[in-house]
Amino acid sequence: MELSAREDIEAPQERVFAAMADFDLIERQAMRRGAEVARVAEGPGAGMAWKVSFRFRGRLREADITLTEFDRPDRMVFHSRTGGLEVDFTLDVVALSPNRTRINVTSVLVPKTLSARLLVQSLKLAKGGMDKRFRKRMADLAAGLEARLRSGA
C-alpha cells in the first residue's frame, strides 16, 4: 500500500533539507507525542538507526528505523520494520526556484506476516480517509516547517 503527498514551501532547498534532517528535533517531537526514541547508530547520513516504542491501536509497538539513503540536499529514505510490517518512507526535496521548494513524501507499507497483511488490508479499505489524513498531516508539517524557517530558527 502506498501513500503520497507533496507540499511547496517558501524557502531555499538547502534550508528545507537541513531542517528536515534535524534529527535531534525530530526525536524530541516524537518523545513529546509519547514515543520512546533511542538512537542506535550515529550519523549524519546513511546508516543512522533508531529503536522506537509507541502505542498504536491500544498496543505497545516497537520499530527499528534505519536511514538507508541520505543524498543532501535532494533525498532521504528511511526503512522501518515493526512486527511483520515494513515501511519505506521517502522524502524528496526539489528546488522549484531559488526561494521555493517542493517536498514529495511517499510511504510504502509492505506486510510480511499474516497479521500485518490483515492490518494493511483493513487500511486499504479505508484508503480514501487514510490518503486525506496523510495529506493533511504533511500539509501541517510543511506549514510548521515554513513558519520555523521564516522565523529564522
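Residues numbered from 1 in each chain as written. Predicted model: local features only at pLDDT ≥ 70, side-chain atom pairs only at ≥ 80, totals over all residues. Heavy atoms only, no water.

**Looking at the nonpolar core**
For soluble globular proteins, nonpolar side chains are generally found buried alongside one another.
Line of reasoning, step 1. Residues Val 16, Met 20, Phe 23, Trp 50, Leu 67, Met 76 and Leu 145 are the most contacted members of the largest nonpolar core, which totals 36 residues.
Line of reasoning, step 2. Among the elements that make up this core, the one with the highest residue count is helix 4 (residues 127–150) (6 residues).
Line of reasoning, step 3. Not counting residues within four places of it along the chain, the set of residues in contact with Trp 50 comprises Phe 23, Glu 27, Val 37, Ala 38, Arg 39, Val 40, Ala 63, Asp 64, Ile 65, Leu 67 and Phe 78. (Core = buried A, V, L, I, M, F, W, Y, C linked by side-chain atoms within 4.5 Å. Buried < 20%, exposed > 50% of the residue type's maximum accessible area, 1.4 Å probe, protein only. Helix = DSSP H or I, 4+ residues; strand = E, 2+ residues; numbered from the N terminus. Contact = heavy atoms within 4.5 Å.)

**Overview of unusual backbone geometry**
Line of reasoning, step 1. The peptide bond linking Arg 72 to Pro 73 adopts the cis configuration, its omega dihedral lying at 0°.
Line of reasoning, step 2. Among the structural elements, Pro 73 can be located in the loop between strand 4 (59–71) and strand 5 (75–82).

**A few points about helix 3 (residues 114–125)**
Line of reasoning, step 1. Helix length check: helix 3, at 12 residues, gives a terminal C-alpha distance of 17 Å against a target of 16 Å (1.5 Å per residue), a fit within 8%.
Line of reasoning, step 2. Contact partners of the buried residues in helix 3: strand 6 (85–97), strand 7 (100–111) and helix 4. (Expected span 1.5 Å × (residues − 1).)

**So, the sheet that holds strand 7**
Line of reasoning, step 1. If you walk across this open sheet you meet the 7 strands as 1-7-6-5-4-3-2, and the pairing is antiparallel. The two strands at the open ends of the sheet, each matched to only one other strand, are strand 1 (2–9) and strand 2 (36–41). Adjacent strand axes in the sheet meet at a mean angle of 20° when their direction is disregarded.
Line of reasoning, step 2. Pairing of strand 5 with strand 6, which is carried by 8 bridges, proceeds in the antiparallel orientation. Bridged to Phe 78 within strand 6 is Phe 89.
Line of reasoning, step 3. Contacting strand 1, strand 4, strand 5, strand 6 and strand 7, helix 1 (residues 13–20) crosses the sheet at an angle of about 155° to strand 6.
Line of reasoning, step 4. Those strands touched by helix 3 are strand 3 (49–56), strand 6 and strand 7, and its axis lies near 130° from that of strand 7. (Pairing = 2+ DSSP bridges. Axes fitted to C-alpha atoms, helices over the stretch in contact; angles between N-to-C directions.)

**What about the pairing of strand 6?**
Line of reasoning, step 1. Hairpin connection, strand 5 to strand 6: the antiparallel pair is bridged by 2 residues, and Gly 83 has positive phi, about 60°.
Line of reasoning, step 2. For strand 6 and strand 7, the ladder comprises 12 bridges, and the chain directions are antiparallel. Paired with Ser 97 across the bridge in strand 7 is Arg 100.
Line of reasoning, step 3. Between strand 6 and strand 7, which follow one another and run antiparallel, lie 2 residues.

**Some thoughts on the packing of helix 1 against helix 4**
Line of reasoning, step 1. Put simply, helix 1 and helix 4 touch, their axes get as near as 11 Å, and they point 115° apart. With respect to each other, helix 1 and helix 4 are oriented roughly perpendicular. Our pair here, helix 1 against helix 4, has a crossing hand that is right-handed. Two secondary-structure elements touch here, helix 1 through Arg 15, Val 16, Ala 19 and Met 20 and helix 4 through Leu 145, Arg 148 and Leu 149.
Line of reasoning, step 2. Broken down by class, the residue content of the contact of helix 1 with helix 4 amounts to 5 nonpolar, no polar and 2 charged. (Parallel < 35°, antiparallel > 145°, perpendicular 65-115°, else oblique. Left-handed = near helix turned anticlockwise from the far one by under 90°. Nonpolar A, V, L, I, M, F, W, Y, C, P; charged D, E, K, R; others polar.)

**Some thoughts on the pattern of salt bridges**
Line of reasoning, step 1. Scanning the model with the defined rule gives 14 salt bridges in all.
Line of reasoning, step 2. Through salt bridges with shared partners, one network takes in Asp 8, Glu 10, Arg 100 and Arg 102. (Salt bridge = Lys/Arg side-chain N within 4 Å of Asp/Glu carboxyl O.)

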